[in-house]
Amino acid sequence: MQFLLEPNLIFLIVVIAINSTLAFVVYKNNPRSAANLLFVFLSIFSSLWLIANYISTHPKFLESSIVWIRLTIFFAAPQATLLFLLAHTFPSEKIRFSRRVFFVLLALMGLVMIVNVSPFAFERVAIEDSSPRPIPGPGIMLFVVFGITMVGGSITLLIKKLKKATGIEKQQLRFILAGISAMMGAIIFTILIPVVFFGKNYFVQYSPVYTSFFLGVTAYAIVKHNLFNIRVIATELFSTLIALVFLIRVLSSNTVNEFLFNLLLFVILSVFGVLLVRGTIREIRELQRLSQAKSDFVSIVSHQLRTPLTTIKGFVSMMQEGKETDAERKDWLQKVYITNERLIRLVNDILNISRMEEGRIEYEFQDVDALDIIDGAVTEMKMPAQDKGVALLWTKPDEAVPRVRADALKLRQVFLNLIDNGIKYTDVNGWVSVRLFHNKDLRKIDVIVQDTGMGLEKKEVRSLFERFSRVGAGQKTNAEGMGIGLYIARHIMEAHNGKIWAESEGRGMGSKFYVELPTI
Ligand code: ADP
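Counting from 1, residues in each chain are numbered in the order their sequence is written. In keeping with the model being predicted, local features are shown solely for residues with a pLDDT of at least 70 and side-chain atom pairs are shown and tallied solely at 80 or more, while totals for entire chains, interfaces and linings include all residues. For side-chain calculations, the full set of non-hydrogen atoms in the structure is used, while hydrogens and water are omitted.

Engineer: So what's going on with the overall build of the protein? Which residues, and what values?
Structural biologist: Secondary structure elements are taken from DSSP: a helix is a run of H or I of four residues or more, a strand is a run of E of two residues or more, and numbering for both begins at the N terminus. Helix and strand content of the protein: 15 helices and 9 strands. On C-alpha atoms alone, the protein measures out to a radius of gyration of 36 Å, which is more than a quarter above the 24 Å that the 2.2 N^0.38 rule sets for 520 residues. Along the longest, intermediate and shortest principal axes, the C-alpha atoms of the protein span 105 × 70 × 35 Å. Think of it in three bands: residues with accessible area under 20% of the maximum for their type are buried, residues over 50% are exposed, and the middle band is partly exposed, with areas taken using a 1.4 Å probe on protein chains only. Buried positions account for 43% of the 520 residues belonging to the protein. Per-residue and other accessible areas follow the Shrake-Rupley method at a 1.4 Å probe size, with only the shown protein chains counted as cover for residues. For the protein, the accessible surface area stands at approximately 29300 Å², while carbon and sulfur atoms represent 63% of it. Only four residue types enter the tally: Lys and Arg on the positive side, Asp and Glu on the negative side, with His and both chain ends excluded. In plain terms, the charge of a residue is placed at NZ if it is Lys, CZ if Arg, CG if Asp and CD if Glu. When the 57 basic and 45 acidic side-chain charges of the protein are each reduced to a single mean position, those positions are 10 Å apart. Only C-alpha atoms enter the radius of gyration; for comparison, a globular chain is expected to reach 2.2 Å times N to the power 0.38, where N is the number of residues.

Engineer: Hey, could you go over the site of the ligand for me, with residue numbers and the actual values?
Structural biologist: When at least one non-hydrogen atom of a residue lies within 4 Å of a molecule or strand, that residue is treated as near it. In the neighbourhood of the ligand, 24 residues make up the surrounding shell, with Asn-421, Tyr-425, Asp-451, Arg-470 and Leu-486 lying closest. In the model, a nitrogen atom of the ligand is placed 2.8 Å from a nitrogen or oxygen of the Asp-451 side chain. Polar contact is defined as a pair of N or O atoms within 3.5 Å, subject to the rule that within protein one atom must be able to donate a hydrogen and the other to accept it, and that residues adjacent in sequence are counted only when both atoms are side-chain atoms. In this structure, Gly-483 approaches the ligand through a main-chain N or O atom, which is 3.1 Å from an oxygen atom. Protein coverage of the free-state accessible area of the ligand, which is 530 Å², stands at 97%. Considering each element in turn, the shell around the ligand owes the most residues, 4 residues, to helix H12 (residues 408-424). Considered class by class, the residues forming the shell around the ligand number 9 nonpolar, 12 polar and 3 charged. Gly counts as polar in this scheme, as do all residues outside two lists: the nonpolar Ala, Val, Leu, Ile, Met, Phe, Trp, Tyr, Cys and Pro, and the charged Asp, Glu, Lys and Arg.

Engineer: Which residues make up the sheet that holds strand E4 (residues 391-395), and what are the values?
Structural biologist: Ordered by their spatial adjacency, 5 strands build an open sheet running E4-E6-E7-E9-E8, and the pairing between neighbours is mixed. Two strands in the sheet have a free side with no partner beyond their single neighbour: E4 and strand E8 (499-504). Going from strand to strand, the sheet's axes swing by 15° on average, the running direction of each strand aside. Taken strand by strand, H12 contacts E4, strand E6 (431-439), strand E7 (444-451), E8 and strand E9 (511-518), and its axis lies near 170° from that of E9. Whether two strands pair comes down to DSSP finding at least two bridges between them. As a rule, the C-alpha atoms of each element are fitted with a line to give its axis, helices using only the stretch in contact, and angles between N-to-C directions run from 0 to 180 degrees. Throughout, a residue-residue contact means that at least one pair of heavy atoms, one from each residue, lies within 4.5 Å.

Engineer: Give me helix H11 (residues 370-388): which residues, what numbers.
Structural biologist: A helix is expected to span 1.5 Å for every residue after the first. Helix length check: H11, at 19 residues, gives a terminal C-alpha distance of 27 Å against a target of 27 Å (1.5 Å per residue), a fit within 8%. Fitting axes to the seven residues that end at a residue and to the seven that start at it, the angle between those axes gives the bend at that residue. Maximum bend of H11: about 35°, positioned at Lys-382, with proline Pro-384 one to four residues after it. Among all positions in H11, only Ala-370, Ile-373, Ile-374, Ala-377, Val-378, Met-381 and Ala-385 are buried. The secondary structure elements touched by the buried residues of H11 are strand E3 (366-368), E4, strand E5 (404-406), H12, E6 and E7. Sitting at the head of H11, Asp-369 places a side-chain oxygen 3.0 Å from the backbone nitrogen of Leu-371. Just downstream of H11 lies Gly-389, where phi reads positive at about 85°.

Engineer: Quick rundown of the nonpolar core? Include the residues and the values.
Structural biologist: As used in this record, nonpolar core signifies buried Ala, Val, Leu, Ile, Met, Phe, Trp, Tyr and Cys residues forming a set joined through side-chain atoms within 4.5 Å. By size, the foremost hydrophobic cluster in this structure holds 68 residues, and its most contacted members are Phe-39, Leu-42, Phe-143, Leu-158 and Phe-214. With 14 residues, the single largest contributor to this core is helix H3 (residues 65-89). Sequence-distant contacts of Leu-158, defined by excluding residues within four places in its chain, comprise Ala-87, Leu-173, Ile-176, Leu-177 and Ile-180. Grouped together as the second largest cluster of nonpolar side chains are 53 residues, Met-356, Ile-423, Leu-486 and Val-515 included.

Engineer: So what about helix H2 (residues 34-56)? Which residues, and what values?
Structural biologist: Here H2 is 23 residues long and its end C-alpha atoms lie 32 Å apart, about the 33 Å a rise of 1.5 Å per residue gives. Counting buried residues in H2 gives 17 out of 23 residues, a clear majority hidden from the surface. For H2, the side-chain oxygen to backbone nitrogen distance between the N-cap and Ala-35 is 3.2 Å, and the N-cap itself is Ser-33.

Engineer: Give me the lowdown on the packing of aromatic side chains, citing residues and values where you can.
Structural biologist: Working definition: an aromatic ring pair is given by the centre-to-centre distance plus the angle between the planes. Two rings from Phe, Tyr or Trp (for Trp, the six-membered ring) form a pair when their centres are within 6.5 Å of each other. A pair whose planes differ by under 30 degrees is stacked, one over 60 is edge-to-face, and the rest are tilted. Applying the stated criterion across every chain, the model contains 10 aromatic pairs. Here the aromatic rings of Phe-74 and Phe-75 are separated by 5.4 Å at their centres, their planes lie at 65°, and the arrangement is edge-to-face. Given the relative accessible area of 13%, Phe-75 is considered buried. Look at Phe-203 and Tyr-206: their rings are 6.0 Å apart centre to centre, the planes differ by 50°, and that puts the pair in the tilted class.

Engineer: Give a detailed account of unusual backbone geometry, specifying residues and quantitative values.
Structural biologist: Of the consecutive residues Phe-90 and Pro-91, the connecting peptide bond is found in the cis state with omega at 0°. Topologically, Pro-91 is positioned in the loop between H3 and helix H4 (99-117). Notably, Asn-429 is not glycine yet its phi reads approximately 75°, a positive angle. Here Asn-429 is to be found in the loop between H12 and E6. Note on Asn-429: relative accessible area 68%, which makes it exposed. Even without a glycine there, the phi angle at Asn-497 is positive, about 55°. With respect to the helices and strands, the residue Asn-497 is situated in the loop between helix H15 (485-495) and E8. Overall, Asn-497 belongs to the exposed group, its relative accessible area being 66%.

Engineer: Can you lay out the side chain of Ser-33 for me, pointing to particular residues and giving the numbers?
Structural biologist: Mapped onto the elements of the fold, Ser-33 is located in the loop between helix H1 (7-29) and H2. Polar side-chain contacts of Ser-33 include one of 3.2 Å to the backbone nitrogen of Ala-35.

Engineer: So what about empty space enclosed by the protein? Which residues, and what values?
Structural biologist: Of the grid points, spaced at 1 Å and generated over the protein atoms alone, those admitting a 1.4 Å probe that cannot get out make up cavities, while open sets with protein on both sides within 12 Å along at least five of seven lines make up pockets; any residue with an atom within 4 Å of a point is treated as lining. Grid points are joined across faces, edges and corners, and a volume is the space filled by probe spheres set on the points. Enumeration over the complete set of coordinates arrives at 1 cavity of 30 Å³ or more. Counted as a void, the largest cavity has a volume near 30 Å³. Considering the residues around the largest cavity, the lining is formed by Leu-83, Leu-86, Ala-87, Leu-158, Ile-176, Ile-180, Phe-214 and Thr-218. Elements represented by at least two residues in the lining of the largest cavity include exactly H3, helix H6 (167-198) and helix H7 (207-223). Counting residues per element, the lining of the largest cavity draws most heavily on H3, at 3 residues. Of the residues contributing to the lining of the largest cavity, the split by class is 7 nonpolar, 1 polar and no charged.

Engineer: Break down the pattern of salt bridges for me, with residues and values.
Structural biologist: A pairing counts as a salt bridge when a side-chain nitrogen of Lys or Arg comes within 4 Å of a carboxyl oxygen of Asp or Glu. All chains considered together, the criterion is met by 17 salt bridges. When the shortest N-O distance is used, the salt bridge between Lys-335 and Asp-331 registers 3.2 Å. Separated by 4 residues within a single helix, Lys-335 and Asp-331 lie in helix H10 (residues 326-357), roughly one turn from each other. Among the salt bridges present, the one from Glu-457 reaches Lys-459, with a minimum N-O distance of 3.6 Å. Judged by relative accessible area, which is 56%, Lys-459 ranks as exposed.

The structure is reproduced here in structure tokens:
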């Protein structure tokens, strides 16, 4: 069985399929963006150009080759224009030319296209060794100047933009520029120079690869706003390439057996490629997340440390001037003391976090009375609650509660944190209540710390226990918070085989924090 298609035609079809897929993906990515639409048109005209190119050199169409050769440059003109427009527009979503300039450009393009299909551009075709050789006329110069201006303009524009751009935009522009440079370089060195100087057109057949490469890279830059890693891109490129090679083998198989075998290989390799790319992406994302967390950590911590240090410095330098009264000095020293305590707590929290994450935190588990621990925490928070004008209520169960296996100090820290938050995020005249329930059947105790404060929105409830999670209104009320208290609490509860979670009816409706612990 001879498969229907000659290799060059298969090649053309595969490349056009790739171009169309790229156009489709870019269109779907953002149908309203002018940059994306320009790309779609660019891809369409590139495919039309490839078709004209293919037919113009095909032996079967020798007689009509002049028409097809003219058509290649007919389609090349909009290609160059679209490239220029894309370079001018990207990464914006709107064309940034004024209407007038835009229409002048289109009119110019139309003129070049008309000249390109007329005998002015290519007068006729001479047949040499049964391959067509076009004889250019004076009109071709118009196209040459127009083409050079458009492509040169695109590259200049992109370089200019690249210089100003930052972050992801810079990467995107770099990509597109690299794509254009690779395509133009390949066209100049393997097609233009050999054809013009040596009369060799061996590489012309590979021009589909050049355009597709450029389109692929540009599509990638447009769609993946997050061009995160060269490793992912390399893996994607490599997998696609391998799959393509095998697809071409499938399509050019000579026997049914060969076809089936190649098809099987193609499917296996494609699946493997997808898995490989996914694995790499996952790995890179995780690395990125970690590095983001690290930089967040550094910026939050340095900010949080600086605030108390600046306060302390302020009071100390005022005291150095020595103009204060005794009462003032006492007050300032008290403030310095409180701020310093806060600093110590902060540093301890930070140390705890890093120890916790490295799994270096040690727990001293003992059989303890949860009631005692909560009692102690409530007592300690009485003063701060009173100072703020928030009532603190503590409801114990009537009967005795079985003991729990816990690290008393760490458990105490969890309750202190919950009560402290309750007070912090509740306005004057509100209340915070602590209740303990014993569930005999499920052999556990539940502690509920409820407040009448600012409450939480649904989506906030979920993220609360993440590292550095500071949400909604709490963020504004308490500028000093670092969003690590609940994160540490969650870790502590997990180490106790317990649970911690929050519930709230919404903003302004108060919150409930639940702690669940198995009893002995
Ligand atoms: P911090 O209070 O230091 O910011 P936490 O981890 O203790 O850190 O709390 C994280 C965030 O959760 C707070 O910034 C706040 O937005 C929110 N939050 C915690 N407790 C309450 C509460 N009782 N009511 C409303 N919001 C709360």
